[in-house]
2 protein chains.
Amino acid sequence: MDTADIDKIRAWEKIRGRPDTQSPVADVNDLVRLSAADMDDVNALIRDRMQSDVAIIPALADHLIAAGGKRLRPLLCVAAARLCDTSNTHHHNLSAAVEFIHTATLLHDDVVDSSNLRRGKVAAHLIWGAPSSVLVGDFLFSRAFELMVETGSLEALGILSKASAVIAEGEVWQLTKAFDINLSIDTYIEIISAKTAALFAAASESGAVSAKATPEQREALRRYGLYLGLAFQIQDDALDYTGSAADLGKNAGDDFAEGKATLPLLLAVQRSKDTHGDFWHRAVSLRQQADGDLHTAQQIMKDTDALVDSIAMARDYAAQAKACLSVFKSSAWKTALENLADYSVTRQK
Amino acid sequence: MDTADIDKIRAWEKIRGRPDTQSPVADVNDLVRLSAADMDDVNALIRDRMQSDVAIIPALADHLIAAGGKRLRPLLCVAAARLCDTSNTHHHNLSAAVEFIHTATLLHDDVVDSSNLRRGKVAAHLIWGAPSSVLVGDFLFSRAFELMVETGSLEALGILSKASAVIAEGEVWQLTKAFDINLSIDTYIEIISAKTAALFAAASESGAVSAKATPEQREALRRYGLYLGLAFQIQDDALDYTGSAADLGKNAGDDFAEGKATLPLLLAVQRSKDTHGDFWHRAVSLRQQADGDLHTAQQIMKDTDALVDSIAMARDYAAQAKACLSVFKSSAWKTALENLADYSVTRQK
């Protein structure tokens, strides 16, 4: 981390004060309620298009899809289209496509990371094998494009195919930067922009496009999605050190075990180089982890305010996301999207 | 295999006589020469669009793409467009897209099959790791769709996204049928139609679509591609038992080691159940292979005419492919596509 990064963190603290990690958790109940009819159609499409005569495909896909998850990306696509007063239902196809792209990346990520747990269930590759997970991911990805083609929108296809390439780039990039405790915060932000925020941005922008939004609305929703995605991922990275497996539906500490250079780790390393440099070098750079190392890492993150500052940064992005909505007049949908931004950084799972 | 399958094989033999496996090898020199200017542009597009700031992506992609392969699928797309007198160059983008889809499936297949050798080089996943191979496959797949979007042809996008889903289905299907020595020939044909011939058909049909071909021409080229793909895959499956690693650029006998239920194996098992039933049961169904088993399998295939009949079936499909071209008037492109069909079933690698 360079000096500019530290200055940035300090600047946030000055402007916004220390984040209150005990603040009430926002929820997405309004968004879920508003989107209920749309999401019924989206979920029906998801169920319909994951079918195949090859029985293992719907079985494996259903394992992950039925486990639920928050469906944040399709919700975001629906909300963007509705905020722009859509008069068609193309956003149903696009929302299902976005969920398929996301599911495909989860299936491939779990193979890549050798994860054991996903959405509170045993990871699919441990039941059906890594080969099936890879290929069913490819199947869902292809079906996503079929869904998009049906909308007839080359613009939406362009947005989502570009995002898919950027996601893959981000994931390879992250892979090559694992165990790099000297990664700059700026590079970390670029990586999560690619691997996570790009799909949030594309979900939001493609929803706007399907509603024939103005260029200004479209750009506002693209940026809203991007900042929301950044906030969401940073919160995720913080929760990986603070959450419980029961809450998360995946193992806490996975990022540490895999040597992922996430914000809490990078801040903690930077602020404790003199006192704990040998610990970080051994446990992360050299990948020689022992029992109790995760606990030590968590303690240093608390002592150095690495966690609280990570959450501050997430909240800053959430605030930027909300600010993007200023081009829209007040509405229930606008409020729901503002709440979604708050939710992304106060959720505990 | 049921009686109908045996009857089918016997019928071919009666109509066409025994295939002469020593017949001269057809070549694709004319097709390559005719397509040279188009393929220069296609190859430039391929090089351009596999670039990324994440250095490992072009390095890994280039490892496979620079190794060459025959570029049959893009050649097919180019030839289909030219046969239909195209007046634009959309087939360049579609050809590059088809090659990216093919490369992505190769990268994923090698991870799925744990193959060691591909196109005469060490498989990418053994150099860069399976995770990178999976993710770079995803990247190329996404870039394929970006290339298609640029053509503005929703029809071509529909054809190729459908084909991609069918390919993944076919590969999962094949995976679930490995070690099944009782697979019917009809099911084997359905599986290779999906995993291989669907992309040949889509390459050919999308080339026609890009040229604004008539519905009759489009359907003729779709069927030409389908039959060509079937012929190509059956020849591949035969070569896996007869070819040398030096010729193939991959290990001969891989299919046997992986228990793939391909045509030579299925015919040999069916015809030697009484004499070698225990051998097939142990070596394939129970996956207990010993040194010399591949040689034994190859000997039974020769003794039972399983190999020669597989090649006969491949040649039957090649003939059907050529017959589809009857709707086109004579031209250098038509002759080149006829030769391509002959090449697909006389090549030794």
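- Going by the annotation in an unreviewed UniProt entry, the name recorded for chain A is Trans-isoprenyl diphosphate synthase, with Asticcacaulis endophyticus given as the source organism.
- UniProt's Cofactor (unreviewed entry) comment on chain A is quoted here verbatim: "Mg(2+)".

1. Considerations on the overall build of chain A
Phase 1 of the analysis: Tallying secondary structure elements over chain A gives 18 helices and two strands in all.
Phase 2 of the analysis: In chain A, which comprises 349 residues, the share counted as buried stands at 60%.
Phase 3 of the analysis: Long-range contacts, defined here as pairs at least 24 residues apart, represent 78% of the contacts in chain A between residues at least 6 apart.
Phase 4 of the analysis: Carbon and sulfur atoms provide 49% of the accessible area of chain A, an area that totals close to 13100 Å².

2. Regarding the relation of the copies chain B and chain A
Phase 1 of the analysis: Overlaying chain B with chain A gives an RMSD of 0.0 Å, the required rotation being 180° about an axis along which the chain moves by 0.0 Å. The transformation relating the two chain copies, once decomposed into turn and shift, fits a two-fold axis.

3. Quick look at the interface of chain B and chain A
Phase 1 of the analysis: Listed per partner, the contact involves 35 residues of chain B and 35 residues of chain A.
Phase 2 of the analysis: Roughly 3100 Å² is buried in total at the junction of chain B and chain A, and carbon and sulfur atoms are behind 78% of that figure.
Phase 3 of the analysis: Our count for the contact surface shared by chain B and chain A stands at zero salt bridges.
Phase 4 of the analysis: Run the count over chain B and chain A and you get seven residue pairs in polar contact (both at pLDDT 80 or more).
Phase 5 of the analysis: Mapped by element, the contributors of at least two residues to the side of chain B that touches chain A are helix 4 (56–65), helix 6 (90–113), helix 8 (130–151) and helix 9 (154–176) of chain B.
Phase 6 of the analysis: The dominant element in the side of chain B that touches chain A, judged by the number of residues it contributes, is helix 9 of chain B, at 14 residues.
Phase 7 of the analysis: In terms of residue class, the side of chain B that touches chain A is built from 19 nonpolar, nine polar and seven charged.

4. A few points about the packing of aromatic side chains
Residues and elements named next belong to chain B.
Phase 1 of the analysis: With the rule as written, the count across this model stands at 12 aromatic pairs over all chains.
Phase 2 of the analysis: Between Phe141 and Phe145, the aromatic rings sit 5.4 Å apart at their centres with planes inclined by 75°, giving edge-to-face as the arrangement. Of this pair, Phe141 and Phe145 both sit in helix 8, four residues apart, roughly one helical turn.
Phase 3 of the analysis: Here Phe141 falls in the buried class, since its relative accessible area comes to 8%.
Phase 4 of the analysis: The class for Phe145 is buried, based on a relative accessible area of 0%.

5. Notes on a nonpolar patch on the surface
Residues and elements named next belong to chain A.
Phase 1 of the analysis: Together, Val122, Leu126 and Ile127 give the surface a local cluster of nonpolar side chains, amounting to about 260 Å² of exposed area.
Phase 2 of the analysis: In this structure, Ile127 sits in helix 7 (residues 124–128).
Phase 3 of the analysis: Since its relative accessible area comes to 45%, Ile127 is described here as partly exposed.

6. So, unusual backbone geometry
Phase 1 of the analysis: Phi at A:Lys212 is positive, roughly 55°, even though this residue is not glycine.
Phase 2 of the analysis: Along the polypeptide, A:Lys212 turns up in the loop between helix 10 (185–210) and helix 11 (215–242).

7. Let's talk about the confidence of the model for chain A
Caution is warranted with low-pLDDT regions, since their predicted coordinates should not be read in detail.
Phase 1 of the analysis: Averaged over every residue, the pLDDT of chain A is 90; residues scoring 70 or more account for 89%.
Phase 2 of the analysis: Per-element mean pLDDT across chain A ranges from 52 in helix 1 (residues 3–16) of chain A up to 98 in helix 5 (residues 72–83) of chain A.

8. As for helix 8 (residues 130–151) of chain A
Residue and element names in this part refer to chain A.
Phase 1 of the analysis: Taking 1.5 Å per residue as the helical rise, helix 8 with its 22 residues ought to reach 32 Å, and the 32 Å between its terminal C-alpha atoms agrees with that figure.
Phase 2 of the analysis: Here helix 8 lies mainly inside the structure; 19 of its 22 residues are buried.
Phase 3 of the analysis: Positive backbone phi, approximately 75°, marks Gly152, located one or two places after helix 8.

9. Remarks on the side chain of A:Ser272
Residues and elements named next belong to chain A.
Phase 1 of the analysis: Structurally, Ser272 is set in the loop between helix 14 (263–271) and helix 15 (273–285).
Phase 2 of the analysis: One polar contact links Ser272 to Trp280, side chain to side chain, over a distance of 2.8 Å.
Phase 3 of the analysis: With residues up to four places along the chain from it excluded, the contact list for Ser272 reads Gly277, Trp280, Ile300 and Thr304.

10. Observations concerning the packing of helix 3 (residues 36–49) of chain A against helix 6 (residues 90–113) of chain A
Residue and element names in this part refer to chain A.
Phase 1 of the analysis: Closest axis-to-axis distance for the helix 3/helix 6 pair is 9 Å, and the angle between their directions is 55°. One finds that helix 3 runs oblique with respect to helix 6. The chirality of how helix 3 crosses helix 6 is right-handed. Along the contact surface, helix 3 presents Asp38, Asp41, Val42, Leu45, Ile46 and Arg49, while helix 6 presents His91, His92, Asn93, Ser95, Ala96, Glu99 and Phe100.
Phase 2 of the analysis: Residues that form the contact of helix 3 with helix 6 fall into these classes: five nonpolar, four polar and four charged.

11. Comments concerning the environment of A:Ser153
Residues and elements named next belong to chain A.
Phase 1 of the analysis: Residue position: Ser153 is located in the loop between helix 8 and helix 9 (154–176).
Phase 2 of the analysis: In sequence terms Ser153 and Ser206 are 53 residues apart; their C-alpha atoms lie 9.4 Å from each other.
Phase 3 of the analysis: Sequence-distant contacts of Ser153, that is, excluding residues within four places in its chain, are made with Met148 and Val209.
Phase 4 of the analysis: Only 3.0 Å separates the side chain of Ser153 from the backbone nitrogen of Ala156, close enough to count as a polar contact.

12. A short note on the environment of A:Ala156
Residue and element names in this part refer to chain A.
Phase 1 of the analysis: Tracing the sequence through the fold places Ala156 in helix 9.
Phase 2 of the analysis: Classification of Ala156 by relative accessible area gives buried; the value is 1%.
Phase 3 of the analysis: Taking the C-alpha atoms as reference, Ala156 lies 9.2 Å from Ala203; in sequence the two are 47 residues apart.
Phase 4 of the analysis: For Ala156, the contacting residues outside a window of four places in its chain are Leu94, Ser206 and Val209.

13. Observations regarding the side chain of B:Ser210
Residues and elements named next belong to chain B.
Phase 1 of the analysis: Its location among the elements puts Ser210 in helix 10 (residues 185–210).
Phase 2 of the analysis: A polar atom in the side chain of Ser210 sits 2.7 Å from the backbone oxygen of Gly207.
Phase 3 of the analysis: In contact with Ser210, other than residues within four places in its own chain, are Ala81, Thr86, Asn88, His90, His91 and Leu94.

14. Overview of the environment of B:Tyr224
All names here are of chain B.
Phase 1 of the analysis: On the secondary structure map, Tyr224 appears in helix 11 (residues 215–242).
Phase 2 of the analysis: Spatially, the C-alpha atoms of Tyr224 and Ala197 are 10.0 Å apart, while their sequence positions differ by 27 residues.
Phase 3 of the analysis: Once residues lying within four places of it in the same chain are set aside, the contact partners of Tyr224 are Leu76, Ser204, Ala321, Lys322, Cys324, Leu325, Leu337, Leu340 and Ala341.

15. What to know about the packing of helix 11 of chain A against helix 18 (residues 332–346) of chain A
Any two packed helices are characterised by the angle at which their axes cross and by the distance between the axes.
All names here are of chain A.
Phase 1 of the analysis: Contact geometry of helix 11 with helix 18 gives a least axis separation of 8 Å together with a crossing angle of 20°. On the basis of the axis angle, helix 11 is roughly parallel to helix 18. Considering how the two elements wind past one another, helix 11 and helix 18 form a crossing that is left-handed. Across the interface between the two elements, Leu221, Tyr224, Leu228, Ala231, Phe232 and Gln235 of helix 11 pack against Leu337, Leu340, Ala341, Ser344, Val345 and Thr346 of helix 18.
Phase 2 of the analysis: Split into classes, the residues belonging to the contact of helix 11 with helix 18 amount to nine nonpolar, three polar and no charged.

16. Describing the pattern of salt bridges
Should the charged atoms of two oppositely charged side chains come close, the side chains can pair.
Phase 1 of the analysis: Applying the stated criterion to the full structure yields 32 salt bridges over all chains.
Phase 2 of the analysis: In this structure, the salt-bridge partner of B:Asp38 is B:Arg82, at a minimum N-O distance of 2.8 Å. Of this pair, B:Asp38 sits in helix 3 (residues 36–49) while B:Arg82 sits in helix 5 (residues 72–83), and the two are 44 residues apart along the sequence.
Phase 3 of the analysis: We classify B:Asp38 as buried; its relative accessible area is 6%.
Phase 4 of the analysis: Judged by its relative accessible area of 26%, B:Arg82 falls in the partly exposed class.
Phase 5 of the analysis: Between B:Arg282 and B:Asp293 there is a salt bridge whose closest N-O contact spans 2.8 Å. With B:Arg282 in helix 15 (residues 273–285) and B:Asp293 in helix 16 (residues 293–303), the pair connects residues that are 11 residues apart, well separated along the chain.
Phase 6 of the analysis: B:Arg282 gets classed as partly exposed once you look at its relative accessible area, which sits at 28%.
Phase 7 of the analysis: When salt bridges that share partners are traced, they join A:Asp48, A:Arg49 and A:Glu150 into one network.

Rules used in this analysis
Residues numbered from 1 in each chain as written. Chains lettered and ligands numbered in written order. Predicted model: local features only at pLDDT ≥ 70, side-chain atom pairs only at ≥ 80, totals over all residues. Heavy atoms only, no water. UniProt positions renumbered as here; feature names shortened; annotations may be inferred. Helix = DSSP H or I, 4+ residues; strand = E, 2+ residues; numbered from the N terminus. Buried < 20%, exposed > 50% of the residue type's maximum accessible area, 1.4 Å probe, protein only. Contact = heavy atoms within 4.5 Å. Areas by Shrake-Rupley, 256 points an atom, 1.4 Å probe, with all protein chains shown as cover. Least-squares fit on C-alpha atoms with pLDDT ≥ 70 in both. Buried area = accessible area lost by both parts, 1.4 Å probe. Salt bridge = Lys/Arg side-chain N within 4 Å of Asp/Glu carboxyl O. Polar contact = N/O pair within 3.5 Å; in protein donor to acceptor, adjacent residues only side chain to side chain. Nonpolar A, V, L, I, M, F, W, Y, C, P; charged D, E, K, R; others polar. Phe/Tyr/Trp six-rings, centres within 6.5 Å; stacked < 30°, edge-to-face > 60°. Patch = residues over 30% accessible without salt bridge, like charges linked within 9 Å, V, L, I, M, F, W, Y side chains within 5 Å. pLDDT = per-residue confidence, 0-100. Expected span 1.5 Å × (residues − 1). Axes fitted to C-alpha atoms, helices over the stretch in contact; angles between N-to-C directions. Parallel < 35°, antiparallel > 145°, perpendicular 65-115°, else oblique. Left-handed = near helix turned anticlockwise from the far one by under 90°.

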